[in-house]
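# Working through the structure, step by step
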Amino acid sequence: MALPKRIIKETERLMAEPVPGIKAIPHEDNLRYFDVEVHGPSQSPYENGIFKLELFLPDDYPMTPPKIRFLTRIYHPNIDKLGRICLDVLKSNWSPALQIRTILLSIQALLGAPNPDDPLANDVAQRWKEDEPAAIQTAREWTRMYAVSENR
Amino acid sequence: MSADSEDEFMSGMSSEGGFEDGNESDSVSFGEEFEDDEPALDFGLHDKDITSAPKKPYEVDFDVFGPRDIQKYQDKQIDEVGAILGQPPESTAILLRHARWNKERLIEGYMDHPEDVLEKAGLGLAGAVPAKTMVVDGFVCDICCEDEPGLETYAMKCGHRYCAECYRHYLSQKIREEGEAARIQCPGDGCSRIVDSKTLELLVEDDLKDRYHELLTRTYVDDKDNLKWCPAPNCIYAVECGVKKRDLNRIVPTVRCDCGHYFCFGCTLNDHLPTPCALVKMWLKKCEDDSETANWISANTKECPRCNSTIEKNGGCNHMTCRKCKNEFCWICMGVWSEHGTSWYNCNRYEEKSGSDARDAQAKSRQSLERYLHYYNRYANHEQSAKLDKDIYLKTEKKMTNLQSSSGMSWIEVQFLDTASQALQQCRQTLKWTYAFAYYLARNNLTEIFEDNQKDLEMAVENLSEMFEKPTSELAALKVDMMDKTSYCNKRRIILLSDTAENLKNGSWKFNIDINTA
Ligand SMILES: [Zn+2]
Ligand SMILES: [Zn+2]
Ligand SMILES: [Zn+2]
Ligand SMILES: [Zn+2]
């Protein structure tokens, strides 16, 4: 199946005007599959971390949202052990007018503002609510362990 | 039911103070008197059956509606409310759906702040613009990135314009794949404007329109607390019943859909009379949790208590006769059958063990498992027997068809078998649930009466069930006997259900758990 114009345009733009702190590169043999890197926002427990994600554009994209998953382990109330993300724009609030770049920006924003009231990883969310400083500490440690380049 | 409406229900409940226990004087009345807060759907499309018998204590009033009735009723409401608000039908429909069909609240809100109400329902400023596609110079579609000159485009009043092809594709995605209809939003990011029916008429492909209207009707029923879809597969009817959630510990609202399916209006599970929904939920959960430890669950074979040869249960009847030693015994308690004619006690009542055993903690847990198994065994047995009864009936029916020609009996004359089989199914269903009910009963005088009623029904059922195991050639001669036994079964069932329902309504049952926290 030929690649839709929309995906070609989006990819071109991602290459020509990359978003600071975000990298998304399509596989050569599958232009719907992207290797993604998101830098942890400064002032957040994920600062200095570089998080790898995989992104796939399903056949009916952009009518349905892209499928995205963290590959790097991360301690976050809205991201589970398998790297799945609980984010409204990836589900019910998806609009075909949204794009890969806007979605990746939302994910980066989610790292800066965890929302333990809408959890995907229940144990993490609970800890986040009960003892936020400790949870943030763990998130920092995980970032150092799994997402800082010299250790990967 | 969506999460939203559940929340609404919960908040509605707390504001009304919920269910007040022990207040006999204004005890809840079920049935006719719901018109005050929820207008009945009966708008002359259905004739009330005025000749029907007076209601039994366990019966509730309900009506069954087809999709066309519901559509008509929706349209009528839309016309009425539209006339009051001065809005065209498309917009009124959106407003009503947004207000979850609470027209009083909608009208009141609209009178106070029309702009707010319109905005919140996704209608923006009032006024109807004809829906049509148009060509816009220099247009690039944000969804497909197409920019060919002459591209047909569409936007609602919010101005989020996309090419008509993308708009169409978006709407079919929502309708076909996501089953949405009443609250489809504009494809624009973050735009909460709801796609109105004119837009849908313009853009939705014809083959999807039926599906769309079906979904709209669905959301109407889903939005109303007093309407529910019949859960039978492929059934198209909805049932209206005025029993509220807060009443469910006092009544088991069992309804019969026009398709023949009996179900509980409270929880939409199959008929579970006489057990209230909360106990049903607890019981099913318990059975699920215990199914692993419950390896004991009797399979279809048991050993004859006298000669130990293996006996397979092949009919619904519990009266077993060992082929080898001719020992007659009861499948459930393995006791001698001859004692069962007068005393069935060992079969339906769990004899509470003496308190001395209970001191030992281990004995206690074993005892509680034993107690559970006692009731579960009987519960499961009736479920299984109902299936076996049905199998036997189906086989018999086939034979009867043959018999019809040889014996000269007419089709009408063999209908007694069908009637008997149906009574058997229904009584076993009831019996099954009496055991779940009994499991949660605290022992007192009422329990004794309950167990006597249970025993009487059980005996009536086994007597009828046994008749199905007679050779087909004898059945014609047994017709009168079978009809008597059938009506006796039905009678026993009515007695048991009426008694249980009365006590439930009056809050007289004492349970060994807190039913209100279930
Ligand atoms: Zn819009
Ligand atoms: Zn387009
Ligand atoms: Zn039905
Ligand atoms: Zn129920």
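Residues numbered from 1 in each chain as written. Chains lettered and ligands numbered in written order. Predicted model: local features only at pLDDT ≥ 70, side-chain atom pairs only at ≥ 80, totals over all residues. Heavy atoms only, no water.

## Quick look at the sheet that holds strand 4 (residues 67–70) of chain A
Residue and element names in this part refer to chain A.
- Spatially, 1-2-3-4 is the arrangement adopted by the four strands of the open sheet, whose pairing is antiparallel. Here the strands that pair on one side only, and so sit at the sheet edges, are strand 1 (22–26) and strand 4. Each neighbouring strand pair of the sheet contributes to a mean axis angle of 20 degrees, computed without reference to strand direction.
- Across the sheet, helix 1 (residues 5–16) touches strand 1 and strand 2 (33–39), and the angle it forms with strand 1 is around 135 degrees. (Pairing = 2+ DSSP bridges. Helix = DSSP H or I, 4+ residues; strand = E, 2+ residues; numbered from the N terminus. Axes fitted to C-alpha atoms, helices over the stretch in contact; angles between N-to-C directions. Contact = heavy atoms within 4.5 Å.)

## Details of the pattern of salt bridges
- Tallied over the full model, the rule gives 28 salt bridges over all chains.
- Of the charged contacts in the structure, one is a salt bridge between B:Asp389 and B:Arg428, with a shortest N-O distance of 2.5 Å. One end of the pair, B:Asp389, is in helix 12 (residues 361–407); the other, B:Arg428, is in helix 13 (residues 415–439), with 39 residues separating them in the sequence.
- Each of A:Lys5, B:Glu146 and B:Asp147 takes part in one network of salt bridges that share partners. (Salt bridge = Lys/Arg side-chain N within 4 Å of Asp/Glu carboxyl O.)

## With respect to the coordination of the zinc ion (ligand 2)
- Every protein donor of the zinc ion (ligand 2) is listed here as B:Cys141 (SG), B:Cys144 (SG), B:Cys163 (SG) and B:Cys166 (SG), and their distances to the metal cover 2.2 to 2.4 Å.
- What the four donor atoms of the zinc ion (ligand 2) show is an angle range of 100 to 124 degrees at the metal, which sorts the shape as tetrahedral. (Donors = N, O, S within 2.8 Å, 3.2 Å for Na, K, Ca; no water. Tetrahedral: all angles 85-135°; square planar, octahedral: opposite > 155°, others 65-115°.)

## A word on the packing of aromatic side chains
Residue and element names in this part refer to chain B.
- A full pass over the atoms with the stated rule returns 27 aromatic pairs over all chains.
- Ring centres of phenylalanine 437 and tryptophan 509 lie 5.3 Å apart, and the angle between their planes is 85 degrees; this geometry places the pair in the edge-to-face category. Within this pair, whereas phenylalanine 437 is found in helix 13, its partner tryptophan 509 is found in the segment after helix 16 (479–505), the two being separated by 72 residues in sequence.
- Judged by relative accessible area, which is 0%, phenylalanine 437 ranks as buried.
- Connected via pairs of aromatic rings, a cluster forms that spans Trp283, Tyr372, Tyr375, Tyr376, Tyr379, Trp433, Tyr435, Tyr439 and Tyr440.
- Above the plane of the ring of tryptophan 229 lies arginine 218, whose end atom (NZ or CZ) is 4.2 Å from the centre.
- Lying across the ring of phenylalanine 265, lysine 228 places its NZ or CZ 4.6 Å from the centre. (Phe/Tyr/Trp six-rings, centres within 6.5 Å; stacked < 30°, edge-to-face > 60°. Buried < 20%, exposed > 50% of the residue type's maximum accessible area, 1.4 Å probe, protein only. Lys NZ or Arg CZ within 6 Å of the ring centre and 35° of its normal.)

## With respect to the sheet that holds strand 4 (residues 162–163) of chain B
Residues and elements named next belong to chain B.
- Taken together, three strands build an open sheet; the order of strands is 2-3-4 and the sheet is antiparallel. Whereas interior strands pair on both sides, the edge strands pair on one side only; in this sheet they are strand 2 (134–135) and strand 4.
- Inspection of the sheet shows strand 2 paired to strand 3 (residues 152–154) by two bridges, in the antiparallel sense. By the bridge assignment, methionine 134 is partnered in strand 3 with threonine 153.

## Some thoughts on the side chain of B:His272
All names here are of chain B.
- Among the secondary structure elements, histidine 272 is positioned in the loop between strand 8 (262–264) and helix 9 (277–290).
- Of the polar contacts made by the side chain of histidine 272, one reaches the backbone oxygen of threonine 275; its length is 2.7 Å.
- The contacts of histidine 272, once residues within four sequence positions are left out, are Val252, Cys264, Cys267, Cys277, Val280 and Trp433. (Polar contact = N/O pair within 3.5 Å; in protein donor to acceptor, adjacent residues only side chain to side chain.)

## A word on the interface of chain A and chain B
- At the interface, 11 residues of chain A touch 14 residues of chain B.
- Here chain A is connected to chain B by two salt bridges.
- Notably, a salt bridge pairs A:Lys5 with B:Asp147, separated by 3.4 Å at the nearest N-O pair.
- Inspection of the region where chain A meets chain B yields seven residue pairs in polar contact (both at pLDDT 80 or more).
- When grouped by side-chain class, the residues that make up the side of chain A that touches chain B number five nonpolar, two polar and four charged. (Nonpolar A, V, L, I, M, F, W, Y, C, P; charged D, E, K, R; others polar.)

## Points about helix 6 (residues 164–177) of chain B
All names here are of chain B.
- For helix 6, with 14 residues, the first-to-last C-alpha span of 19 Å sits near the 20 Å given by 1.5 Å per residue.
- Within the sequence span of helix 6, burial applies to Ala164, Cys166, Tyr167, Tyr170, Leu171, Ser172, Gln173, Lys174 and Ile175.
- As for helix 6, its buried residues are in contact with strand 3, strand 4, helix 7 (197–203) and helix 8 (206–223).
- Directly beyond the C-terminal end of helix 6, a positive phi value near 60 degrees is found at glycine 179. (Expected span 1.5 Å × (residues − 1).)

## As for the pairing of strand 3 (residues 50–56) of chain A
All names here are of chain A.
- Counting buried residues along strand 3, five of its seven residues qualify, which places the element largely inside the surrounding structure.
- In this sheet, strand 3 lies alongside strand 2 in antiparallel orientation, the contact comprising seven bridges. Its bridge partner being in strand 3, valine 38 is matched across the sheet by phenylalanine 51.

## Concerning the UniProt feature "active site" (unreviewed entry) in chain A
All names here are of chain A.
- Listed under "active site" (unreviewed entry) in the UniProt record, and renumbered for this structure, are Cys86.
- Mapped onto the elements of the fold, cysteine 86 is located in the loop between strand 4 and helix 2 (100–112).
- Classification of cysteine 86 as buried rests on a relative accessible area of 11%.
- Not counting residues within four places of it along the chain, the set of residues in contact with cysteine 86 comprises Asn78, Lys91, Leu110, Asp118 and Leu120. (UniProt positions renumbered as here; feature names shortened; annotations may be inferred.)

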